[in-house]
Amino acid sequence: MTIARVYCDESGFTGNRMLDSQQPYFTYSAVVVEPEETEKFVSSIIKEFRIQGGELKSDRLLKFNRGRRAINKILDWLDGKYSAVFYLKKYSLACKFFEYIYEPVLQKNNALFYRKNFHRHIANLLFMHFATRIAVAEDIMADFESFMRTMDVAGLKRLFAPTSEEAKVGDALGAILDFAIGYREEILAELETLSGVGASKWILDVTTSSVVSLLAHLGEKHDVLEVYCDHSKPLASDVGFFDVMIDRPIRQYASVWGKQRPLTWNMTQPIQLVDSSLHPSIQLADVISGTLAYSLKNNEESQSQEWFARLHPHLHGDCVFPDFSSVDLESNEAFANAIVMLELAERARNHSDPLNGMQYFYSVVEQK
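Since the structure is predicted, the reported quantities are computational estimates derived from the model, not experimental observations.

Quick look at the environment of Lys157
Here Lys157 lies in the loop between helix 7 (135-150) and helix 8 (172-182). We classify Lys157 as exposed; its relative accessible area is 61%. Spatially, the C-alpha atom of Lys157 lies 21 Å from that of Tyr91, the residues being 66 residues apart in sequence. Residue contacts for Lys157: discarding those within four places in its chain leaves Asp139 and Asp143.

Regarding helix 4 (residues 89-106)
Here helix 4 is 18 residues long and its end C-alpha atoms lie 24 Å apart, about the 26 Å a rise of 1.5 Å per residue gives. Of all 18 residues in helix 4, 15 are buried; the element is thus mostly enclosed.

Concerning the packing of aromatic side chains
Within this structure, the stated rule accounts for 22 aromatic pairs. Geometrically, the ring pair formed by Phe26 and Tyr28 is stacked, given 6.2 Å between the ring centres and 20° between the ring planes. Of the residues examined, Phe26 reaches a relative accessible area of 1% and is grouped as buried. Note on Tyr28: relative accessible area 2%, which makes it buried. Look at Phe98 and Tyr102: their rings are 5.5 Å apart centre to centre, the planes differ by 5°, and that puts the pair in the stacked class. With Phe98 and Tyr102 both in helix 4, this residue pair falls 4 residues apart, about one helical turn. Since its relative accessible area comes to 3%, Phe98 is described here as buried. Through a chain of ring-to-ring contacts, the aromatic side chains of Phe98, Tyr102, Phe113, Tyr114, Phe118, Phe179, Tyr183 and Tyr362 assemble into a single cluster.

Regarding the pattern of salt bridges
A full pass over the atoms with the stated rule returns 15 salt bridges. Residue Arg261 pairs with Asp318 through a salt bridge whose shortest N-O separation is 2.7 Å. Here Asp318 lies in the loop between helix 13 (302-311) and helix 14 (332-350) and Arg261 lies in strand 6 (residues 259-262), a separation of 57 residues in the sequence. Judged by relative accessible area, which is 26%, Arg261 ranks as partly exposed. Looking at Asp318, the relative accessible area reads 19%, which means it is buried.

Looking at the sheet that holds strand 7 (residues 272-274)
With mixed pairing, the 5 strands of this open sheet are ordered in space as 3-2-1-4-7. Only two strands of the sheet have a single neighbouring strand rather than two, namely strand 3 (82-88) and strand 7. Pairs of neighbouring strands in the sheet enclose a mean axial angle of 20°, with direction left out of account. Contacts from helix 4 reach strand 2 (25-32) and strand 3, with the element oriented near 70° to strand 3.

Digging into the pairing of strand 1 (residues 3-11)
Sheet analysis places strand 1 next to strand 4 (residues 224-230), joined by 6 bridges and oriented parallel. Pairing of Val6 across the sheet is with Val227, part of strand 4. Inspection of the sheet shows strand 1 paired to strand 2 by 6 bridges, in the antiparallel sense. Its bridge partner being in strand 2, Glu10 is matched across the sheet by Tyr28.

Parameters and conventions
Residues numbered from 1 in each chain as written. Predicted model: local features only at pLDDT ≥ 70, side-chain atom pairs only at ≥ 80, totals over all residues. Heavy atoms only, no water. Helix = DSSP H or I, 4+ residues; strand = E, 2+ residues; numbered from the N terminus. Buried < 20%, exposed > 50% of the residue type's maximum accessible area, 1.4 Å probe, protein only. Contact = heavy atoms within 4.5 Å. Expected span 1.5 Å × (residues − 1). Phe/Tyr/Trp six-rings, centres within 6.5 Å; stacked < 30°, edge-to-face > 60°. Salt bridge = Lys/Arg side-chain N within 4 Å of Asp/Glu carboxyl O. Pairing = 2+ DSSP bridges. Axes fitted to C-alpha atoms, helices over the stretch in contact; angles between N-to-C directions.

Here it is, written out as structure tokens:
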């Protein structure tokens, strides 16, 4: 039985501020390397490319030609030794909107809606309107982010407020707002359970979900993981959650919409939160995450395109980014979900049961 030593770091962290325009992507990477070998390699990189400060930092390397050449050499050396994930933060916020606004109302039969990809329809619809700078969508997203950070409804412009002239009953944003307004009490009652001590501090942040995705993935490849992560506030808050994976050799899986997904992995010890300046292997994870974030943000640059092509084979399938096919009304699925969205808005306005006969309703509208 071999132990894989895993070193993790992120780029683009803004906590619960998912609308930060300067850092639109959050990236996280996990490299599997041996520390002694890595220390020698990092030392050679620092010496060869005359890196200042005695430490590899992606934000520094990306600023000058020597640093960019160093990144190329690092990518060569790490090929096949890492996995990474990225989130487009504004789209991630739209996904969270479904999770915390629609899910509390639909939870007694949420499997139906997830099976029909209704969650993707709502998230992509909201993001599409937001990305095209529709004022109502911008207000909804800003309101939602503010509300989730503070759990305070005071001062909200759109969410849980009467539908305005800009979002009339019948259009997509009006339907989303009417749903929130009509089922306001059910939504707030559910969200109150999140307002306990520490429960909502990092509620929008995706650090923990990134770690779960990558470690579950690496846990399928390696018998045992020994995990080191660069210190971060969200991980410091949640790190005890991962202790259930210590000494857990039997893997468990769940079927998620027809696909087997790993739920567990095996660790030798609790995840260690460390200082990157003392761990060259963490510095390599920083380079991967930083280069990925840069490539995504600056995707028109030829160098970014080259880097992304090299990084792409190492990307995990849990990357979060929009897929506008889910709102293409030419498809039966998107058309059905659009009608269901309007139906749910109508039921919200009438304060009626959102789930009554919904399975049958789907079967009817799917006959487009």
